[in-house]
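Below, each chain spelled out in residue letters.
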Amino acid sequence: MKAEDENPYLLLTPGPLSTTPAVRRAMLRDWCTWDEDYNAGVVTPIREALARLVSAKGGYTSVLMQGSGTFSTEAAIGTALPPGGRLLVLSNGAYGKRLAQIAARLRISHVVHDSGELRPPDLARLERQLRDDPGITHVVMAHVETTTGMLNPVREAGRIVRDSGRCFLVDAMSSFGGIPMDAGDWGIDFLISSANKCIQGVPGFGFVLARRSELERTQGWARSLALDLYDQWRTMEDGRGKWRYTSPTHTVRAFAEALRELEEEGGVTARYARYCENQRILAEGMEGLGFSCLLPAESRSPVITSFLSPGAAGYEFRKFYGRLKGRGFVIYPGKVTHVDTFRIGTIGNVYPEDMRRLLKAVEESMDW
């Protein structure tokens, strides 16, 4: 069997996602977490590459953190907020709600700006809230709300937050590496993402890309030992890539290969173009088959698209899912509260020809 045929199906999800054979092969060697070959030869170049990707103007540093992306999100919120700080959460889906849940669990004073699942955050309302509540010190929002696939106006929100003198945190879990952005230009102070998203690595760790001046202020603020972002950063800085606790070595090495492949593809701009073409072919093709997109075109991201479930009496998502899986494609169930939907991702080691094959499989699976 060829390496390309190792997997029985493509993961059309927002992560974990389909990876290349080379990324998977990178995990076949064992590494020592204390060894210079690993810390200086693998971890440090990753940290440097991420800092370059997040802003062309410099001034940013990177911290790698064990666990899924949510671990890194909790580390960032739990470390960046000082004692007595107050967080404004911009929420329009399940992942915005998770940001608020993290703040509540950490007993951080916070207020939620909930715009509903089918609308972006209200920027005029954001300006009013920051003007009327001087106790707010930090603002957080998700760039892509994968509940629906909505691309949120992070750049515009960042300008408002920056002009108000507040600190801005962005959950860029499903966008960093796949959608062009510059944290410095966008006013982002802490950007959070994960190894198994648009850089196309495998699960095992996340990372926070922080404005160095903001991160340096946070010493002693963390509300957790394991998720102390400042201490993790300080140890990596002083130890030339050393992690405080056991590093997910195989995942880290796979991520190094994924970064190399990103550069080989032509960087974030080229990857974004591929993802956009994937999403265009998918949306147009599904609409041609009679499906309807949940969101209008101007609100959709190139990451994942939500479709309204067919109203036909014979339609069942599990049966539809099973037929597609049998034809080599795994899709996602819906997550919108009051609308019956399903979702299809367009990121990962997936190309326009795969989208065309998917559309044929969808047509063959429609027996309702």
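Our structure's up above, just so we're on the same page.
Residues numbered from 1 in each chain as written. Predicted model: local features only at pLDDT ≥ 70, side-chain atom pairs only at ≥ 80, totals over all residues. Heavy atoms only, no water.

Participant: Which residues make up the sheet that holds strand E3 (residues 86-91), and what values go with them?
Facilitator: Strand pairing in a sheet takes place through backbone hydrogen bonds and is either antiparallel or parallel in direction. Read from one edge to the other, the open sheet built from seven strands follows the order E2-E10-E9-E8-E5-E3-E4, with strand pairing classed as mixed. At either margin of the open sheet sits one strand with a lone partner, and together these are strand E2 (60-66) and strand E4 (109-114). Each strand of the sheet is rotated relative to its neighbour by a mean of 20°, with strand direction disregarded. By the bridge criterion, five bridges tie strand E5 (residues 138-142) to strand E8 (residues 167-171) in an arrangement that is parallel. (Pairing = 2+ DSSP bridges. Helix = DSSP H or I, 4+ residues; strand = E, 2+ residues; numbered from the N terminus. Axes fitted to C-alpha atoms, helices over the stretch in contact; angles between N-to-C directions.)

Participant: Got a sec to walk through the packing of helix H11 (residues 267-288) against helix H13 (residues 352-365)? Specific residues and values, please.
Facilitator: To characterise two packed helices, one gives the angle between the axes of the helices and the distance between these axes. Contact geometry for H11 and H13: axes closest at 9 Å, N-to-C directions at 20°. In terms of axis orientation, H11 runs roughly parallel to H13. Crossing geometry of H11 relative to H13 is assigned as right-handed. Each of Glu277, Asn278, Ile281, Leu282, Gly285 and Met286 in H11 lies in contact with H13, whose residues at this interface are Pro352, Met355, Arg356, Leu358, Leu359 and Val362. (Parallel < 35°, antiparallel > 145°, perpendicular 65-115°, else oblique. Left-handed = near helix turned anticlockwise from the far one by under 90°. Contact = heavy atoms within 4.5 Å.)

Participant: Lay out the pattern of salt bridges with the relevant residues and their values.
Facilitator: Scanning all chains against the criterion turns up 21 salt bridges. Arg323 serves as the salt-bridge partner of Asp367, at 2.7 Å between the closest nitrogen and oxygen. With Asp367 in the segment after H13 and Arg323 in helix H12 (residues 317-326), this pair connects stretches of sequence that are 44 residues apart. Taking the shortest distance from any N to any O, the salt bridge between Glu364 and Arg327 comes out at 3.2 Å. Linking Glu364 in helix H13 with Arg327 in the loop between H12 and strand E12 (329-330), this pair joins segments that are 37 residues apart in sequence. (Salt bridge = Lys/Arg side-chain N within 4 Å of Asp/Glu carboxyl O.)

Participant: Could you give me a rundown of the packing of aromatic side chains, with the residues and numbers involved?
Facilitator: For the coordinates displayed, the defined rule picks out 15 aromatic pairs. For the pair Phe207 and Phe255, a centre-to-centre distance of 5.8 Å together with 50° between the ring planes defines the contact as tilted. Pair noted here: Phe207 is in strand E10 (residues 205-211) and Phe255 is in helix H10 (residues 249-265), with a separation of 48 residues, a long-range link. The two residues Phe207 and Phe255 agree in class, both being buried. An aromatic cluster is built from Phe291, Phe307, Tyr315, Phe320, Phe342 and Trp368, whose rings are joined through pairwise contacts. (Phe/Tyr/Trp six-rings, centres within 6.5 Å; stacked < 30°, edge-to-face > 60°. Buried < 20%, exposed > 50% of the residue type's maximum accessible area, 1.4 Å probe, protein only.)

Participant: Which residues make up the side chain of Thr61, and what values do they have?
Facilitator: Secondary-structure assignment places Thr61 in strand E2. A distance of 2.9 Å separates a polar atom in the side chain of Thr61 from a polar atom in the side chain of Trp233. For Thr61, the contacting residues outside a window of four places in its chain are Arg47, Val208, Leu209, Ala210, Arg212, Leu215, Trp233 and Glu237. (Polar contact = N/O pair within 3.5 Å; in protein donor to acceptor, adjacent residues only side chain to side chain.)

Participant: Run through the nonpolar core, naming residues and quoting values.
Facilitator: Ranked by size, the top nonpolar core spans 54 residues in total, and within it Leu50, Leu64, Phe168, Phe176, Ile199, Phe207 and Phe255 carry the most contacts. Per element, the largest residue contribution to this core is seven residues, and it comes from helix H2 (residues 36-54). Contact partners of Phe168, with chain neighbours within four places excluded, come to Val139, Met141, Val154, Ala157, Gly158, Val161, Trp186, Gly187, Ile188, Asp189 and Phe190. Ala75, Ala80, Leu87 and Val140 belong to the second largest nonpolar core, which has 28 residues in total. (Core = buried A, V, L, I, M, F, W, Y, C linked by side-chain atoms within 4.5 Å.)

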